[in-house]
Amino acid sequence: MRSSVIVFPGSNCDRDIAVALQKMQFKNKMVWHKETALPKSDLIIIPGGFSYGDYLRSGAIAGKSLIIEEVVKAAKFGSLVLGICNGFQILTETGLLKGTLLRNKNLKFINKDVHIKVINNTTKFTSKYKLNQILKLNIAHNEGNFFTDNDHLKELNNDNLIAFKYSDEKGNTSNLSNPNGALDNIAGIFNDKKNILGMMPHPERMVDNLISNKDGVNLFSSLLG
Amino acid sequence: MKLISVKLSPLNSKKNKLKFSVTVTLKKDVLDPQGKVVQNTLKNLGMHDLKNIRQGKFFEIEINEKDEKLAQEKVNEMCKKLLVNLIIEDYKINILK
Amino acid sequence: MKLISVKLSPLNSKKNKLKFSVTVTLKKDVLDPQGKVVQNTLKNLGMHDLKNIRQGKFFEIEINEKDEKLAQEKVNEMCKKLLVNLIIEDYKINILK
Amino acid sequence: MEIDNKIIEKHGLKTEEFKIIQKLLKRSPNLLELGIFSAMWNEHCSYKSSKIHLKKLPTKGKQVIQGPGENAGVIDIGDDDAIIFKIESHNHPSYIEPYQGAATGVGGILRDVFTMGARPIALLNSIHFGSPAHPKTKSLLNGVVSGIGGYGNCIGIPTVAGETKFNDTYNDNILVNAMAVGHAKKNKIFYSKAKGVNKAVVYVGSKTGRDGIHGASMASAEFDDNSDEKKPTVQVGDPFTEKLLLEACLELMRDDSIIAIQDMGAAGLTSSSVEMASKGSLGIELNLDKVPCREENMSPYEIMLSESQERMLIILEDGKENHARKIFKKWDLDFIIIGRTTNTKKLTLKYNNKIEGEIPIEALASKAPIYDRKWTKKALPKSKFNIKKLKHIKLEDGLIKILSSPNHSNKSWVTNQYDQMVMCDTVQKSGSDAAIIRIHNKDKAIAVAVDSSANYCKSHPISGGKQIVCENWRNLISVGAKPLAITNCLNFGNPENNDVMGEFAECLEGIKDACKYLNYPVVSGNVSFYNGTNNKNIYPTPVIGGVGLIDKLSQPINHNLKEDKNLLILIGKTFGHLEQSCFLKENFSMEDGKPPKINLINEKNNGEAVLELIKEKYVLSCHDISNGGLLVALSEMSIGSRLGVNINKPKKLVNLIEYFFGEDQGRYILEINAKNLSKVDKILKKNNIYYENIGLTQKDYFEIDGEMKIDINDLFKINNQWYNKF
Ligand SMILES: Nc1ncnc2c1ncn2[C@@H]1O[C@H](COP(=O)(O)OP(=O)(O)O)[C@@H](O)[C@H]1O
Ligand SMILES: [Mg+2]
């Protein structure tokens, strides 16, 4: 499996994702934001960080970068695209994913381990997880409060486009297990063709027991098919 | 509409550039976590007459363009292309004379 | 000073409350990292006529108070107490009529 | 412009100092030159009051590659790896503008570390606020914490450890100390010493604005009621640009293009250029019109004294300009040759080819005044406290008071605002005695911790100074690391006050003794004087930041209990020292008496024995005993893991309160499997270590035999309320 990680000047989880991909035997290339063409790849990843400082809106400026045009093209051709954290924010700014990520409801940056529940395990990103499996992943963001309009929310539910929801360790999804105020506890969504996944939690941080746990591994192994 | 306590800007008189202000606010039906916290905090500080507060962004933009209409179009384009997230935000452009 | 493309707000006509807008900008000489990045991006997007852009905050505040002067004082207090960081920011209060 | 007394005073210089300047120049300085003297001769840059005392610190050791005198200290951690680290204060700016002050504090210390060739791998901080009841405390706390997080999170370096404390003494002068730790290859370390004449002096990074002009002088002046007037000097941090600068510098450092490199920190272009020239015994000529400016019409004076952030000065090898320029262009940063090294040993400042100022480098550096200020000794204070008053206090009540107090409440409200995991090498986050950071791609790690004990230092500076070094050493031992070296940030009041100067001299005396005995040298640090307002000085607050090595990272240790029915053993003797304890402070608001005694011999033996037990893998969890004594340490082990304990009553000596809350030093609690007891006993006996079996781990309840029993979840709640209510 060939992957490409897009690197913006303010990306800071690019090395982390590269390490995880290497561990999982992906053939990975790093792609600098000023490049105008993507290497041939089956999977494009937009990593976490603060792409261009994120001073205007998270992901807004990255959404206008040269390389992003290529990502949009590739995504429309059906290439797999994974946006993690800032990557998710960028995907919503480009319109590849609908909805948006507002500031956390407590107006603070939040870094902690949270539980999420697998809502759809029939996609190329999630097939190695069990349905409703509870994962413990790390979140680290200022703007992770997912918001969208009613029509889109209906579409997300009706077409099974919600990938993960924040939950407690038993799988209950309620206000109590919602770290950032996200609509319906949504932690990650697919586009309608399910070739694009945007998620706030960091699977790449969960591939090494010495550091955390291995709950992120199956996302990568799902992609390997 | 009248403004108070705003000094007149001498800039636009030079004619070859124009200055605009843009205010960007969250759409009515979009959750505004920040506005809510600000409102609560102000009430806790004893400001009980506060009825409602909404927070947004503000830009002051100078354009090298003397035609007012053209200039405003350019500002509008900047808003649409970058400054505003049209999914969740509304905006207003004002010329500063 | 005149504003364009702003709808008149019917709110203040009800007399028992008043509505203000507050714009907050960074003081001159204070570094504006945000403005810098936005300006570069707009230029990269082809907006070569952009001379200068500064970003700030914007608030719309409704007050339960019919006396204009008193109301404005209250808004001023909110600015000083919470909304504005007086060390690095300037602000202007406008009444919306 | 005529230089009159008012102008001299405004520049923070004394009349006698001005006379020395005239002598050194053999004429009067112009305003630009005066500004430069003022920046270089102020306390913050010249260390004029502290130098003679700092000289006494032990700075050498097999592990030391570079001690104090460079941007940061460098130590050897085996193989081809080096660790580069330093701590620095940003107290005054953070009090004026907490978010930006703290943020730029982090940015500044990061530059000190990556300017030497290290990729930063961890951030730490020590923050001290006034009383929680003080009207300013809440917003200062909020601003500082989000500023520290805002910078570190954006640049993508994990903030992994620190301390957050409250005490009235900081009501009008908070402390914000930031520490950065980086990793470099031993043969790829960069220094600030200029070499060679006519080499290009290059300015890289952000543009220069009017921010922070006189920041260094501000950091060397006491606050008074007019401090508001000093406000325009606030600097705004731009972590995104710093990220660009970091990556660009590290990229340029891959080959041999750089002769010398120096960040522009306090006193900006002035101190960076003077330091490089001074170290190389060279001169330097700058064309100030070439300096990229953010504002129009900036004067040479403003350009030389601006403290705009995210800038560096580089002296380049011949022929490397295009190569270097390309790298900085890639990262969208300014890259401009603004001058040359010279053999004149002078700082020559030109603007549009006209000489605006010229000062011998010596006058600014080695000839700067040094003071041996008067200081007074402090006797060991006596306690007026009557132990009989304690009779009616129940253990449980005493414990709850402490665990629910601001100083002892769980700090996750703070640490959750910091990205602790980015870079994916954080083995142990904050919350234990020390954080553990893996060296990327290797199976070894470093442990890092910061510590201070202001009330001990206030009561008896020598003991306090020793104690903080020992506590820091213990914290590293507790996670299985061999302590290697420290950095220190010395936050004190007005050095012109004899008592304050005494506190300074004696704290350093204590630090020196402990460092020497423990072979724990000082490799970098920072001094912050003039912390106080209107003649009230803060408690002496030296902060120690330590780095230790875990050479085989198989089973990291922390202080969370692991399993029920394990043995708990207490290493070290308990005498029941309650004076200056947090028990007395939280229960009786008392801060009297002397700090606990430090026995360096025991300290070393106990620590080394614990390290041996950890190496042999007998230790399941470990916690050192500090503030709050045995009971607080035990409850922290329980709260972290939600496992309980069942502790025996002590068989002999001391009353229960003294036993459980005494703050005797050199002690640790270890959790071990009962089947290993005889082997553990053997190692401890061999090393002559005193220890006690104090009880067992158990499920659900935190219990002292016959004295108290609390549900562990309640204990957790008690410990986790304060911040969320504040
Ligand atoms: N308390 C201290 N202990 C040891 N070294 C110190 C101490 N304070 C300052 N130093 C050393 O003095 C030098 C100058 O420090 P400083 O002015 O803070 O550096 P910078 O200008 O890079 O911020 C550094 O090498 C620093 O490590
Ligand atoms: Mg430095």
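Look up: the structure comes first, before these words.
Anyway, here's the lowdown on the structure attached to this text. Please read all numbers here as calculations on a predicted model, not as lab measurements.

Parameters at a glance
Residues numbered from 1 in each chain as written. Chains lettered and ligands numbered in written order. Predicted model: local features only at pLDDT ≥ 70, side-chain atom pairs only at ≥ 80, totals over all residues. Heavy atoms only, no water. Helix = DSSP H or I, 4+ residues; strand = E, 2+ residues; numbered from the N terminus. Buried < 20%, exposed > 50% of the residue type's maximum accessible area, 1.4 Å probe, protein only. Contact = heavy atoms within 4.5 Å. Least-squares fit on C-alpha atoms with pLDDT ≥ 70 in both. Pairing = 2+ DSSP bridges. Axes fitted to C-alpha atoms, helices over the stretch in contact; angles between N-to-C directions. Buried area = accessible area lost by both parts, 1.4 Å probe. Salt bridge = Lys/Arg side-chain N within 4 Å of Asp/Glu carboxyl O. Polar contact = N/O pair within 3.5 Å; in protein donor to acceptor, adjacent residues only side chain to side chain. Core = buried A, V, L, I, M, F, W, Y, C linked by side-chain atoms within 4.5 Å. Near = heavy atom within 4 Å. Areas by Shrake-Rupley, 256 points an atom, 1.4 Å probe, with all protein chains shown as cover. Nonpolar A, V, L, I, M, F, W, Y, C, P; charged D, E, K, R; others polar. Parallel < 35°, antiparallel > 145°, perpendicular 65-115°, else oblique. Expected span 1.5 Å × (residues − 1).

**Regarding the overall build of chain B**
At step 1: Broken down by element type, chain B carries two helices and three strands.
At step 2: Seen in sequence order, chain B has helices and strands lined up from the N terminus as β-α-β-α-β.
At step 3: Here chain B, with 97 residues, has 51% of them falling under the buried criterion.
At step 4: For chain B, the share of sequence-separated contacts (at least 6 apart) that also reach a separation of at least 24 residues comes to 70%.

**A closer look at the relation of the copies chain B and chain C**
At step 1: Least-squares fitting of chain B to chain C yields an RMSD of 0.2 Å, with the superposition described by an axial translation of 0.1 Å and a rotation of 180 degrees. Expressed as a symmetry operation, the mapping of one chain copy onto the other fits a two-fold axis. No C-alpha of chain B lies nearer the rotation axis than that of Lys57 of chain B, which sits 2.2 Å from it.
At step 2: When the interface residues of chain B are mapped onto chain C, 100% of them again lie at the interface, so the same face is used by both copies.

**A word on the sheet that holds strand 3 (residues 89-96) of chain C**
At step 1: Here we have six strands laid out as an open sheet, ordered 3(B)-1(B)-2(B)-2(C)-1(C)-3(C), and antiparallel in their pairing. Edge positions in the sheet fall to strand 3 (89-96) of chain B together with strand 3 of chain C, since each of these pairs with one other strand and no more. Across this sheet, the average inter-strand angle for adjacent strands is 25 degrees, counted without regard to direction.
At step 2: In this structure, strand 1 (residues 18-26) of chain C lies alongside strand 3 of chain C, joined through eight bridges in antiparallel fashion. Directly across from Val24 of chain C, in strand 3 of chain C, lies its bridge partner Tyr91 of chain C.

**Side note on the interface of chain A and chain B**
One widely used convention gives an interface's size as the accessible area the parts lose upon coming together.
At step 1: At the interface, 15 residues of chain A touch 16 residues of chain B.
At step 2: Summed over both sides, the interface between chain A and chain B buries roughly 1300 Å², with carbon and sulfur atoms accounting for 68% of that surface.
At step 3: Along the contact surface separating chain A from chain B lie one salt bridge.
At step 4: Joining chain A to chain B, the criterion identifies five residue pairs in polar contact (both at pLDDT 80 or more).

**Details of the pairing of strand 12 (residues 346-351) of chain D**
All names here are of chain D.
At step 1: Note that strand 9 (residues 283-287) and strand 12 share four bridges and pair parallel. Paired with Leu286 across the strands is Leu349, a residue of strand 12.
At step 2: In this structure, strand 12 lies alongside strand 13 (residues 354-360), joined through six bridges in antiparallel fashion. Its bridge partner lying in strand 13, Tyr351 is registered against Lys354.

**With respect to the nonpolar core**
At step 1: The biggest cluster of nonpolar side chains holds 153 residues, and the ones touching the most others in it are Phe164 of chain A, Ile61 and Leu83 of chain B together with Phe328 of chain D.
At step 2: Looking at which element gives the most residues to this core, the answer is helix 10 (residues 239-252) of chain D, with eight residues.
At step 3: Discounting chain neighbours no more than four positions away, the residues touching Leu83 of chain B are Leu56 and Arg57 of chain A, Phe59, Ile61, Met78 and Glu89 of chain B together with Val38, Leu42 and Ile53 of chain C.
At step 4: Residues Val469, Ile614, Tyr618 and Cys622 of chain D belong to the second largest nonpolar core, which totals 61 residues.

**Examining the pattern of salt bridges**
At step 1: Counted under the stated rule, the structure contains 67 salt bridges over all chains.
At step 2: The closest approach of N and O atoms between Arg57 of chain A and Glu89 of chain B, which form a salt bridge, is 3.9 Å. Taken as a pair, Arg57 of chain A in the loop between strand 3 (43-46) and helix 2 (66-76) and Glu89 of chain B in strand 3 lie in two separate chains rather than in one. For the pair Arg57 of chain A and Glu89 of chain B, one class covers both residues: buried.
At step 3: Asp29 of chain C is the salt-bridge partner of Arg210 of chain D, the closest N and O atoms lying 3.5 Å from each other. Of the two residues, Arg210 of chain D sits in the loop between strand 7 (200-205) and helix 9 (215-218) while Asp29 of chain C sits in the loop between strand 1 and helix 1 (33-44), which places them in two different chains. Summarising the burial analysis for this pair, Arg210 of chain D and Asp29 of chain C share the class buried.

**Some thoughts on the environment of His152 of chain A**
Residues and elements named next belong to chain A.
At step 1: Within the secondary structure, His152 sits in helix 4 (residues 150-158).
At step 2: With 65 residues separating them in the primary sequence, His152 and Val217 have C-alpha atoms 30 Å apart.
At step 3: Look past the residues within four positions of His152 in its chain and what remains in contact with it is Lys98, Gly99, Phe146 and Ile189.

**Considering the site of ligand 1**
Residue and element names in this part refer to chain D.
At step 1: The environment of ligand 1 is formed by 18 residues, the closest being Gly69, Glu70, Glu88, Asn488 and Gly525.
At step 2: In this structure, an oxygen atom belonging to ligand 1 sits 2.8 Å away from a side-chain N or O atom of Lys86.
At step 3: Contacts to ligand 1 include Asn526, whose backbone N or O atom sits 2.8 Å from a nitrogen atom.
At step 4: If ligand 1 stood free it would expose 560 Å²; the protein chains cover 89% of that surface.
At step 5: Of all the secondary-structure elements, those providing two or more residues to the shell around ligand 1 are strand 3 (81-89), strand 17 (482-491) and strand 18 (522-528).
At step 6: Considering each element in turn, the shell around ligand 1 owes the most residues, five residues, to strand 18.
At step 7: Partitioned by chemical class, the residues of the shell around ligand 1 number seven nonpolar, seven polar and four charged.

**A look at the packing of helix 22 (residues 629-641) of chain D against helix 25 (residues 712-720) of chain D**
Residue and element names in this part refer to chain D.
At step 1: At their nearest, the axes of helix 22 and helix 25 sit 9 Å apart, and the two run at 100 degrees to each other. With respect to helix 25, the axis of helix 22 lies roughly perpendicular. On helix 25, the residues that touch Ser635, Ser638 and Ile639 of helix 22 are Ile712, Leu715, Phe716 and Asn719.
At step 2: Counted by class, the contact of helix 22 with helix 25 contains four nonpolar, three polar and no charged residues.

**Quick notes on unusual backbone geometry**
Residue and element names in this part refer to chain D.
At step 1: A positive phi angle, close to 55 degrees, is found at Asn297, a residue other than glycine.
At step 2: Relative to the assigned elements, Asn297 resides in the loop between strand 9 and helix 12 (300-305).
At step 3: Positioned with a positive phi, Asn352 is a non-glycine residue whose angle comes to about 50 degrees.
At step 4: With respect to the helices, strands and loops of the structure, Asn352 is situated in the loop between strand 12 and strand 13.

**Comments concerning helix 18 (residues 461-478) of chain D**
Residue and element names in this part refer to chain D.
At step 1: Under the 1.5 Å per step criterion, the end-to-end length of helix 18 is 25 Å for 18 residues, consistent within 8% with the ideal 26 Å.
At step 2: In terms of burial, helix 18 is largely enclosed, as 17 of its 18 residues are buried.
At step 3: Note on helix 18: the residue one or two positions beyond its end, Gly480, has a positive phi of about 85 degrees.

**What to know about the side chain of Asn85 of chain B**
At step 1: Relative to the helices and strands, Asn85 of chain B is located in the loop between helix 2 (68-83) and strand 3.
At step 2: Assessed through its relative accessible area of 7%, Asn85 of chain B is described here as buried.
At step 3: Those residues in contact with Asn85 of chain B that sit more than four places away from it in its chain are Arg57, Glu93 and Thr100 of chain A.

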